[in-house]
Amino acid sequence: MTTKRIFLSAVVLFFTLSLFGQNAENNTVKNRSKELGIHAGFTTGLGLSFRHWSEKFGVQITAIPIKSNDFKFISGGLTAMYSITNQKYHRFFLYLGNHVLIYNDLIDFDDLFYNEVTTEYIYNIGFGPGFEVGRNVRFNIMVGYGAYNLLEPSEYKLLPAVEMGLYFKL
């Protein structure tokens, strides 16, 4: 009789604990995330960067303005991303990056009457795969192919593209 009571108590205790137990954390992550960081890329931009992922699609905005009395450098990038896999500690994705660069320089010819200001507008576009690792701090690297200096047909180039960044999840 006591053996039956012990067995019955154990079964009731087991089912009671399983009802109130917590679910185990699986290996997938929330699809929505916002990230802030720094980024450097030939076709995605240079400077401070903000990313937003929504389901499978993401967007990245990267920019930095630098100006002094005789120098101006403005970099802006807008990148579209498509997530192929998103796990707890890594993500694999495809990207399409657009980068506009405005470069302004004052050339002083040691003449009081003649200074020349040169301004260049550079537009680059690139695509390829990207990979990021980390959970709350994510390091990413993107390697692809880019078209450089599209605004100047005589200086147009097709070369490999390398982009990298460090992002903090918000």
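What counts and how
Residues numbered from 1 in each chain as written. Predicted model: local features only at pLDDT ≥ 70, side-chain atom pairs only at ≥ 80, totals over all residues. Heavy atoms only, no water. Helix = DSSP H or I, 4+ residues; strand = E, 2+ residues; numbered from the N terminus. Buried < 20%, exposed > 50% of the residue type's maximum accessible area, 1.4 Å probe, protein only. Contact = heavy atoms within 4.5 Å. Pairing = 2+ DSSP bridges. Phe/Tyr/Trp six-rings, centres within 6.5 Å; stacked < 30°, edge-to-face > 60°. Lys NZ or Arg CZ within 6 Å of the ring centre and 35° of its normal. Salt bridge = Lys/Arg side-chain N within 4 Å of Asp/Glu carboxyl O.

Caption draft 1: Region of interest: the environment of Phe71. Mapping Phe71 onto the fold places it in strand β4 (residues 71–86). Given a relative accessible area of 27%, Phe71 falls into the partly exposed group. In the structure, Phe71 is positioned 46 residues away from Val117 in sequence and 9.3 Å away in space, judged by C-alpha atoms. Setting aside chain neighbours within four positions, we find Phe71 in contact with Ile66, Tyr103, Asn104 and Asp105.

Caption draft 2: Spotlight on the pairing of strand β3 (residues 57–67). Where strand β2 (residues 45–54) lies against β3, 7 bridges are found, and the strand directions are antiparallel. Of the residues in β3, the one forming a bridge with Trp53 is Gly58. Counted between consecutive antiparallel strands, the loop separating β2 from β3 contains 2 residues, among which Glu55 sits at a positive phi close to 55°. Hairpin remark: β3 followed by β4, antiparallel, with 3 residues in the connecting loop.

Caption draft 3: A look at the packing of aromatic side chains. Tallied over the entire structure, the rule returns 4 aromatic pairs. When the centroid spacing of 6.4 Å and the interplanar angle of 80° are considered together, the rings of Phe42 and Tyr148 count as edge-to-face. Of the two residues, Phe42 is situated in the loop between β1 (33–41) and β2 and Tyr148 in strand β7 (residues 137–148); the sequence distance between them amounts to 106 residues. The ring of Tyr167 is capped by Arg51, whose NZ or CZ atom sits 4.3 Å from the centre of that ring. The residue whose ring lies beneath Arg91 is Trp53, and the NZ or CZ to ring-centre distance is 3.9 Å.

Caption draft 4: Geometry of the environment of Tyr121. Tracing the backbone through its elements, the reader meets Tyr121 in strand β6 (residues 115–133). Taking C-alpha positions, Tyr121 is 9.8 Å from Ile74, a pair spaced 47 residues apart along the chain. With residues near it in sequence (within four places) discarded, Tyr121 still touches Leu101, Ile102, Asn149 and Leu151.

Caption draft 5: Up close: unusual backbone geometry. A positive phi angle, close to 55°, is found at Glu55, a residue other than glycine. Looking at the element boundaries, Glu55 is found in the loop between β2 and β3. The exposure class of Glu55 is partly exposed, given its relative accessible area of 44%. Residue Asn149 is not a glycine yet carries a positive backbone phi of 55°.

Caption draft 6: Quick peek at the pattern of salt bridges. Throughout the structure, instances matching the rule amount to 4 salt bridges. We note a salt bridge from Arg51 to Glu132, for which the minimum N-O separation is 2.8 Å. One end of the pair, Arg51, is in strand β2; the other, Glu132, is in strand β6, and 81 residues separate them in sequence. When sorted by exposure, Arg51 lands in the same class as Glu132, which is buried.

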